[in-house]
Amino acid sequence: MKKFILKRLLLSVVILFFVTFIIYMLLRCLPSSYVETMAMQLATAPGSKPYEEWVAQLNVQYGLDLHPIPGYFVQLKNLLTGNFGDSWRFNVPVIEKFQEVIWLSFIMGAIALVFELIIAIPLGIIAATKQYSKADYIITASALVGISLPTFFFATLLKLVFSVKLGWFDVSGLVGRNHALLDATGQMLDIANHLVLPIVTLVIVSVGSLMRYTRTNMLEVLNSDYIRTARAKGLSERKVIYHHAFRNTLIPLVTIVGGSLPGLFSGALITETLFAIPGIGYTSYQSMVAGDIPFSMFYLSFLAILTLLGNLISDILYAVVDPRVRIA
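Residues numbered from 1 in each chain as written. Predicted model: local features only at pLDDT ≥ 70, side-chain atom pairs only at ≥ 80, totals over all residues. Heavy atoms only, no water.

S.K.: For this particular structure, what's the right way to read the packing of aromatic side chains?
M.R.: Think of a pair of aromatic rings as described by two things: how far the centres are apart, and how the planes are tilted against each other in angle. Applying the stated criterion to the full structure yields 13 aromatic pairs. Ring plane angle 75° and centroid distance 5.8 Å describe the contact between phenylalanine 17 and tyrosine 72, whose orientation is recorded as edge-to-face. In this pair, phenylalanine 17 is assigned in helix α1 (residues 2-28) and tyrosine 72 in helix α4 (residues 68-80), connecting sequence segments 55 residues apart. Measuring from ring centre to ring centre gives 6.3 Å for phenylalanine 298 and phenylalanine 302, while their planes differ by 15°; the resulting arrangement is stacked. Placement of both phenylalanine 298 and phenylalanine 302 in helix α14 (residues 293-321) is noted, with a separation of four residues, approximately one turn of the helix. Owing to a relative accessible area of 10%, phenylalanine 298 belongs among the buried residues under this scheme. Among the aromatic residues, those joined into a cluster by ring pairs are Phe17, Phe18, Phe21, Tyr24, Tyr72 and Phe73. The ring centre of phenylalanine 90 lies 4.4 Å from the NZ or CZ of lysine 97, which sits over that ring. Above the ring of phenylalanine 275, the side-chain terminus of lysine 159 is found at 5.5 Å from the ring centroid. (Phe/Tyr/Trp six-rings, centres within 6.5 Å; stacked < 30°, edge-to-face > 60°. Helix = DSSP H or I, 4+ residues; strand = E, 2+ residues; numbered from the N terminus. Buried < 20%, exposed > 50% of the residue type's maximum accessible area, 1.4 Å probe, protein only. Lys NZ or Arg CZ within 6 Å of the ring centre and 35° of its normal.)

S.K.: Quick question: what am I supposed to make of the packing of α1 against α4 here?
M.R.: The packing of two helices is summarised by the inter-axis angle and the distance between the axes. Put simply, α1 and α4 touch, their axes get as near as 10 Å, and they point 120° apart. Compared by their axis directions, α1 and α4 come out oblique. Helix-helix and strand crossings are classified by hand; for α1 and α4 the assignment is right-handed. In this structure, α1 contributes Phe17, Thr20, Phe21, Tyr24, Met25 and Arg28 to the contact, and α4 contributes Pro68, Ile69, Gly71, Tyr72, Phe73, Gln75 and Leu76. A per-class count over the contact of α1 with α4 returns nine nonpolar, three polar and one charged. (Axes fitted to C-alpha atoms, helices over the stretch in contact; angles between N-to-C directions. Parallel < 35°, antiparallel > 145°, perpendicular 65-115°, else oblique. Left-handed = near helix turned anticlockwise from the far one by under 90°. Contact = heavy atoms within 4.5 Å. Nonpolar A, V, L, I, M, F, W, Y, C, P; charged D, E, K, R; others polar.)

S.K.: I keep staring at α1 and nothing clicks. Help me out?
M.R.: The α-helix winds at 3.6 residues per turn, so residues separated by three or four positions along the chain end up facing the same way. With 27 residues, α1 should reach 39 Å at 1.5 Å per residue; the first-to-last C-alpha distance of 39 Å fits that figure. Listing the buried residues of α1 in full gives Phe4, Arg8, Ser12, Thr20, Ile23, Tyr24, Met25 and Leu27. (Expected span 1.5 Å × (residues − 1).)

S.K.: Please clarify how unusual backbone geometry should be interpreted in this entry.
M.R.: What you tend to see is this: most non-glycine residues have negative phi, and most peptide bonds are trans. Although it is not a glycine, asparagine 91 sits at a positive phi angle of roughly 55°. Relative to the helices and strands, asparagine 91 resides in the loop between α4 and α5 (94-129). Unusually for a residue other than glycine, alanine 276 sits at a positive phi of about 55°. With respect to the helices and strands, alanine 276 occurs in the loop between α12 (269-274) and α13 (280-289). Note on alanine 276: relative accessible area 39%, which makes it partly exposed.

S.K.: Where do I start with the packing of α5 against α13 in this structure?
M.R.: One way to put it is that α5 packs onto α13 with a least axis distance of 8 Å and a crossing angle of 135°. By the angle class used here, α5 and α13 are oblique. On α13, the residues touching Lys97, Phe98, Val101, Ile102 and Ser105 of α5 are Ile280, Gly281 and Thr283. Here the residues of the contact of α5 with α13 are counted per class, giving four nonpolar, three polar and one charged.

S.K.: Before we go on, may I ask you to explain α5 in this structure?
M.R.: With 36 residues, α5 extends 50 Å from end C-alpha to end C-alpha; this agrees with the ideal 52 Å at 1.5 Å per step. Along α5, the helix axis deviates most sharply at isoleucine 102, where the bend reaches about 30°. (Bend = angle between axes of the 7 residues up to and from the residue.)

S.K.: I keep staring at the side chain of serine 301 and nothing clicks. Help me out?
M.R.: Relative to the helices and strands, serine 301 is located in helix α14. The exposure class of serine 301 is buried, given its relative accessible area of 6%. Residue contacts for serine 301: discarding those within four places in its chain leaves Leu16, Thr20, Ile23 and Leu79.

S.K.: Looking at this structure, I do not really get the nonpolar core. What am I missing?
M.R.: If you look at soluble globular proteins, the nonpolar side chains tend to sit buried side by side. With 21 residues, the main nonpolar core has Ile125, Met211, Met218, Leu222, Ile227, Ala245 and Phe246 as its most contacted residues. If you list the elements that add at least two residues to this core, you get α5, α6 (134-148), α8 (184-222), α9 (225-232) and α10 (237-259). Ranked by the residues each element gives to this core, the list is headed by α8, at seven residues. In contact with isoleucine 227, other than residues within four places in its own chain, are Val221, Leu222, Val240, His244 and Ala245. (Core = buried A, V, L, I, M, F, W, Y, C linked by side-chain atoms within 4.5 Å.)

As structure tokens, then:
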């Protein structure tokens, strides 16, 4: 196992090198540039230099005068040495801005993931064990509705019903008007109240695919020969389903859960934007639109590392879930 982990880590380093190279090249090709926007603002000041001179000066200042390949190695050196620089868009250190917004998105994503697992796995099992019944049709139809609903449409519908019509929640934002006047407990409840609709949106639009995935894998396992043998031996249906069938269904589910690790930190760009939640998703979108290479480079490289780590964790958990899986 140690040899396998070491080999995967070395392979991950190579993959990460090429991933960061592609990310940097894509960022250099963005149609929008912070340098151009800033140069345009500076050139409009009375007695200022021409726009072209400001562009040249700022490109030298931010290292964009270099060819993309030498520029990439400059950025790679900064990443390896922990020198992530300042965000061009927010004028603060990249790490400081990242720490400011990441935990809000992580909390939202973690809560949504827990609810997805609690809802999707039991309902997927019920749909599989009661195939072609009314319960199966209702669960399958609900899952398809969840998969088909666009995030922007469902979020807007929730705001219309629960914010505009019923007045239970604010339309957008993270805090209410009287947030500063509340005590610590009141402020926490105020923030929690504003996160209800965004979390509901994340759960509903994501739970359907996991539900269908659980149902499909459970049906495949239930049709296996060893399940028929277990039933023929007189084992109770409950033991057959939850002890034998579900244990084997966990293997593909572990892949899904392990792959969801980057999603906890990537934020929900559309949901955060619609509800004006200042999380990492909306912040990264603002950075990319502004051509903020330092923040975007750090953020996307961070997600690449999490993706590789998630895949490694999934492989290791296979042996935990199924004792038959071993590394030779």
